[in-house]
Amino acid sequence: MTRRLTKLSRSVAGKVVLITGAGSGMGRATALLFADEGAKVAVTDFRSEGVESVTAEITGAGGTALGVLLDVADPTSIEAGLTMIRDELGRVDVLVNNAGISVRADPDDEDFDDRWQLALDVLLTPHQQLIRACLDDLRANGEGRVINISSTEGLGASRSTTPYTVAKHGVIGLTRAMAIELAKYGITVNAVCPGPILTSMTEAIQAEHRERFARRRTALRRYGDPEEVAHMVLNIALPSSSYVTGAVIAVDGGQTMKND
Ligand code: NAD
């Protein structure tokens, strides 16, 4: 066997990974990628079709997956889901807070307060609740990993989506605060900010509008694929990424740095 020249592990094999919103889009791509890399994946979502299909896809390919119905907006569901994951898989080593919805609202909309609350209830509050609920697991081996999915809306703002923008900015604040709080346990907490990615969240936008936006606003002049975000999540989750914490990483085809 060839002698290894580096001691820092680039493998998540055997790690238990909890991914929220894993039934579709980037969560699904992340679940499939971690399974390919030998991790045991807790495929969680509040939609049973997604949970079932992604779990079957992983196990059908010889990987290890546990399907769990988990609604991130319901603390009881978080507790029940975690009990099941601990019973079946033993613990949680890596938490990926990914579940999300698009929440649009204009400042003069009558239901603005309701939309605001919905955005916080799905996109922000559950992130901290899941981190705290997994804390005992994450600090057990001194290399726990939390990856929070924010957005380029966490770095800037667009029209008609204030509640979403505020929640995604909040995810970045939570990431930095928790990176400070949890550093003493060797837990790293990082945020990934996807730009325009082709998923069920963006497929409602007309193809022509998507293409025009991508050509004008991203350096790479195209939408990204969910797998391209999943690979960044995997990179941060590696044991070898032990000195990366509190980082906010755009996976946006160069959208946020582009001036012209
Ligand atoms: P998606 O709609 O394909 O996937 C989102 C998943 O979250 C779905 O499977 C859905 O069932 C699940 N979900 C929604 N509410 C939930 C709840 N209460 N409990 C559990 N699961 C729930 O969308 P996506 O684009 O893959 O989104 C993943 C994340 O990426 C979201 O946080 C989203 O805000 C963020 N994001 C998306 C884009 C993009 O362009 N697609 C850009 C930036 C950020």
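Residues numbered from 1 in each chain as written. Predicted model: local features only at pLDDT ≥ 70, side-chain atom pairs only at ≥ 80, totals over all residues. Heavy atoms only, no water.

1. Topic: the overall build of the protein chain
For the protein chain, the count of helices and strands is 9 helices and 7 strands. A globule of 260 residues ought to have a C-alpha radius of gyration of about 18 Å, and the protein chain, at 18 Å, matches this closely. With respect to the three principal axes, the spread of C-alpha positions in the protein chain is 60 × 45 × 40 Å. Burial status across the protein chain gives 47% buried among its 260 residues. Total accessible area on the protein chain is roughly 13000 Å²; 50% of this is exposed by carbon and sulfur atoms. (Helix = DSSP H or I, 4+ residues; strand = E, 2+ residues; numbered from the N terminus. Rg over C-alpha atoms; globule rule 2.2 N^0.38 Å. Buried < 20%, exposed > 50% of the residue type's maximum accessible area, 1.4 Å probe, protein only. Areas by Shrake-Rupley, 256 points an atom, 1.4 Å probe, with all protein chains shown as cover.)

2. Side note on helix α4 (residues 112-123)
In this model, α4 (12 residues) spans 16 Å end to end at C-alpha, consistent with the 16 Å of a helix rising 1.5 Å per residue. Within the sequence span of α4, burial applies to Phe112, Ala119, Leu120, Val122 and Leu123. On its buried face, α4 sits against α5 (125-133) and α7 (162-182). (Expected span 1.5 Å × (residues − 1). Contact = heavy atoms within 4.5 Å.)

3. Overview of the side chain of Glu153
Within the secondary structure layout, Glu153 lies in the loop between β5 (145-149) and α7. For the buried residue Glu153, which engages in no salt bridge, the nearest side chain bearing the opposite charge is Arg217, 7.8 Å off. Setting aside anything within four residues of it in sequence, one finds Glu153 in contact with Ser158, Thr161, Tyr164, Thr165, Lys168 and His169. (Lys, Arg positive; Asp, Glu negative; His and termini not counted. Salt bridge = Lys/Arg side-chain N within 4 Å of Asp/Glu carboxyl O.)

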